[in-house]
Amino acid sequence: MSSNRAKLLSSALKKLTKRPTTIMEVCGTHTVSIFRQGLRSLFPEDLKLISGPGCPVCVTSQGEIDGAIELATRKNVVMATYGDMMRVPGSNGTLGELRGTGSDVRVVLSAMETLRMAEEMPHKEIVFLAVGFETTAPATAALLIEARKRKLENLSVLCLHKRVPPALEVLSKADGNRVDGFLLPGHVAVILGHEPFKFIPEKHGIACTVAGFEADEIMLALVDLLEQICENRPSLTSRYEKAVRPEGNVKAVDLMDRVFDTSTSAWRGIGPIDESGMSIKEEYSLWDGSRKFDVAVRNVPEPNGCRCGDILSGTITPKECPLFGTGCTPVTPVGPCMVSSEGTCSAWYRYGRKG
Ligand code: SF4
C-alpha cells in the first residue's frame, strides 16, 4: 500500500470513529497481518482491535490435547499431525516431547500423506490428528472418503475440527459483549460463503465485513465496518471478493456434509458450544479414531497462570497476562496462544511488545 493510500484510509478511519469502538479480528492470520504490515499505527486512538477465537490450535481445549497425547503413547500407534500441534503443551508435556520417549509422532503437510503411511505400515495403527476450522476440514473429509474406498482399516482420524459460526454466535450474544463489529475470517468465508454469517447483523445487530489479508483489504474492511457502525445499519459486506464467492466453495462444503455431523465441542476459553464440532458420521465409524481407541476428552484446567481463554474471547490482550514475555515466550510457551504462528500472544510477542 502506498503511503498516500495509507494516509487516505487512515484519515477515513479517523473521521468514522466517532466514539470508542471495538472490532474483533476473528482470524489469527488477520492478527498477524495487521501487526506485520504496521497497520495499528494507522488506527485512531478510539479504535480498538481485539483478537478472537480464530487460531485453530489455540482453541483446541486442554482436554482434547491431553486425549491426543495419551493416544499417541499407545503401543503400535503412529500419530501424524500438522507441525503447530507438536509444541502445544498438554498437562504433561507436548506431542513433540513424546518423540524422544519411544512414541512415533510425525509431522505431515497434508492429511493425504497418511494414506501412504497406512499402506507402507500395515501392522501399525496410523492416526491423523485433525485440527482446524472449515478451511482444513474438507481435506480431512477427503481423506476419510479415500480411506474407506481403499478399505484401509489401519488408518483413522482423531477429529478435533471446529466450526466458526457457532463460536461467533456465542460471542455475539455474550453478556457484556464489547464487540461493535467483526472482521470476518477470509479463509473460512472462502469455504462457507456469506450465508452462515448473516445471522450476526440480522439477529444480533453487529456489523460484519469479510476481509482479505493485504493491507488495503484490511483497511477497506475496517472502513466498511465503521460506516456500518456510524450509520447504525449493521449488515454483511465483503472486501475479499477476489477469493470469496457469496455461495462459498460448494464442493468443499459437500465433502464436509458427506463425512461429518455437527456436535457439541469444547473451545478453550469459551467452553462447550452446541453444533460447533464436527464428528465423524456413523458410516465412517471404522475410521473414527475417537471410537476406535475410546479416547476420553476430560475437562482439564488451563496451564497454571495462562490466560489463553480470556485472550481467545477478547477479554484481555496478551500484555495483561502476567506471564507474557517473562515466564511465557515463543521459546518457552506456557499456552497454545504463544505456540502457534497465528496465536495472539505469539503475534504480540513478535510485533507488538513496544506498542
Ligand atoms: Fe498463556 Fe503465555 Fe499467552 Fe499468557 S502469554 S495467555 S501464559 S500463552
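That block above? That's the structure.
Residues numbered from 1 in each chain as written. Predicted model: local features only at pLDDT ≥ 70, side-chain atom pairs only at ≥ 80, totals over all residues. Heavy atoms only, no water.

**Q** Is there a simple way to explain the overall build of the protein in this structure?
**A** Assigned secondary structure in the protein consists of 15 helices and eleven strands. For 355 residues, the compact-globule formula gives about 20 Å, and the C-alpha radius of gyration of the protein, at 21 Å, lands near that figure. Principal axes of the C-alpha set define a box for the protein whose edges measure 65 × 45 × 40 Å. Evaluated residue by residue, the protein yields a buried proportion of 57% over its 355 residues. A separation threshold of at least 6 residues defines the contact pool for the protein, and within that pool the share at least 24 residues apart is 77%. Across the protein, the mean location of the 42 positive side-chain charges is 4 Å away from that of the 42 negative side-chain charges. (Helix = DSSP H or I, 4+ residues; strand = E, 2+ residues; numbered from the N terminus. Rg over C-alpha atoms; globule rule 2.2 N^0.38 Å. Buried < 20%, exposed > 50% of the residue type's maximum accessible area, 1.4 Å probe, protein only. Contact = heavy atoms within 4.5 Å. Lys, Arg positive; Asp, Glu negative; His and termini not counted. Charge placed at Lys NZ, Arg CZ, Asp CG, Glu CD.)

**Q** Would you explain the state of the cysteines in this entry?
**A** Here, the word disulfide means a covalent bond between the sulfur atoms of two cysteines. The tally for this structure, following the rule as stated, stands at one disulfide. You can see cysteine 27 has no disulfide; the closest cysteine sulfur is in cysteine 55, sitting 9.3 Å from it. (Disulfide = S-S within 2.5 Å.)

**Q** Before we go on, may I ask you to explain the side chain of glutamate 64 in this structure?
**A** Mapping glutamate 64 onto the fold places it in helix H4 (residues 62–72). Glutamate 64 has contacts with Leu160, Lys162, Ser265, Ala266 and Val297, leaving out every residue within four places of it along the chain.

**Q** Help me understand the layout of surface pockets in this model?
**A** Left-over empty space is what a probe sized like a water molecule reveals as it rolls over the atoms. When its volume is computed, the largest pocket comes out at roughly 380 Å³. In terms of lining, the largest pocket is formed by 20 residues, of which the most central are Arg163, Pro165, Pro166, Thr262 and Glu275. Elements that contribute at least two residues to the lining of the largest pocket include exactly helix H8 (164–173), helix H12 (250–259), strand E10 (260–267) and strand E11 (271–280). Residues that form the lining of the largest pocket fall into these classes: ten nonpolar, two polar and eight charged. (1 Å grid on protein atoms, 1.4 Å probe; cavity = no way out; pocket = protein on both sides within 12 Å on 5 of 7 lines; lining within 4 Å. Points joined across faces, edges and corners; volume = space filled by probe spheres on them. Nonpolar A, V, L, I, M, F, W, Y, C, P; charged D, E, K, R; others polar.)

**Q** Just to check I follow, could you spell out the site of the ligand for this structure?
**A** Surrounding the ligand, one finds Cys306, Arg307, Cys308, Ile311, Cys321, Leu323, Phe324, Cys328, Val334, Gly335, Met338 and Cys345. Among the detected pockets, the ligand sits in the largest cavity. Residue composition of the shell around the ligand, by class: ten nonpolar, one polar and one charged. (Near = heavy atom within 4 Å. Sits in = over half its atoms within 2 Å of the grid points.)

**Q** Explanation requested: the nonpolar core in the structure shown.
**A** Nonpolar side chains in soluble globular proteins tend to end up buried together. Leu95, Leu168, Phe182, Phe197 and Phe260 are the most contacted members of the largest nonpolar core, which has 100 residues in total. For this core, the element with the most residues is helix H7 (residues 137–149), which contributes six residues. When sequence neighbours within four positions are dropped, the list of residues in contact with leucine 95 reads Ala68, Ile69, Ala72, Met79, Thr81, Met85, Met86, Val105 and Leu129. Counting 24 residues, the second largest nonpolar core, distinct from the first, contains Phe43, Ala215, Ile218 and Leu225. (Core = buried A, V, L, I, M, F, W, Y, C linked by side-chain atoms within 4.5 Å.)

**Q** Explain the sheet that holds strand E2 (residues 47–51) to me, please; I cannot follow it from the model alone.
**A** Hydrogen bonds along the backbone pair up the strands of a sheet, which may run parallel or antiparallel. Across the sheet, five strands lie side by side as E2-E1-E7-E8-E9; this open sheet has parallel pairing. Each edge of the open sheet carries a strand with a single partner, namely E2 and strand E9 (236–239). Strand after strand, the sheet turns through a mean of 25 degrees between neighbouring axes, direction not considered. (Pairing = 2+ DSSP bridges. Axes fitted to C-alpha atoms, helices over the stretch in contact; angles between N-to-C directions.)

**Q** What am I meant to see in the pairing of strand E7 (residues 181–185) here?
**A** A regular strand places its side chains so that they alternate between the two faces of the sheet. Most of E7 sits inside the fold, with five of its five residues counted as buried. Judged from the three bridges that link them, strand E1 (residues 21–25) and E7 form a sheet pairing that is parallel. Its bridge partner lying in E7, glutamate 25 is registered against leucine 183. Sheet topology places E7 next to strand E8 (residues 207–211); five bridges connect them, and they run parallel. Note that in E8 the partner of leucine 183 across the bridge is threonine 209.

**Q** How should helix H1 (residues 3–16) be read in this particular structure?
**A** For H1, built from 14 residues, the straight-helix expectation of 20 Å at 1.5 Å per residue is met to within 8% by its first-to-last C-alpha distance of 20 Å. Considering only its buried residues, H1 is in contact with E2 and helix H11 (215–230). (Expected span 1.5 Å × (residues − 1).)

**Q** Which parts of the structure should I look at to understand empty space enclosed by the protein?
**A** With the rule as written, the count across this model stands at three cavities of 30 Å³ or more. What the largest cavity holds in volume is close to 80 Å³. Cys306, Arg307, Cys321, Cys328 and Cys345 are, among the 13 residues lining the largest cavity, the residues nearest its centre. Tallied by class, residues from the lining of the largest cavity come to eleven nonpolar, one polar and one charged. Each pocket or cavity is described by its volume, and for the second largest cavity that value is around 40 Å³. Elements that contribute at least two residues to the lining of the second largest cavity include exactly E2 and helix H15 (344–351). Examining the composition of the lining of the second largest cavity, we find that three residues originate from one element, E2, more than from any other. Of the residues that constitute the lining of the second largest cavity, the class distribution is six nonpolar, three polar and no charged. Here the lining of the second largest cavity spans two domains, and each of domain 1 (1–307) and domain 2 (308–351) adds at least three residues to it. (Domains from an automatic or database assignment.)

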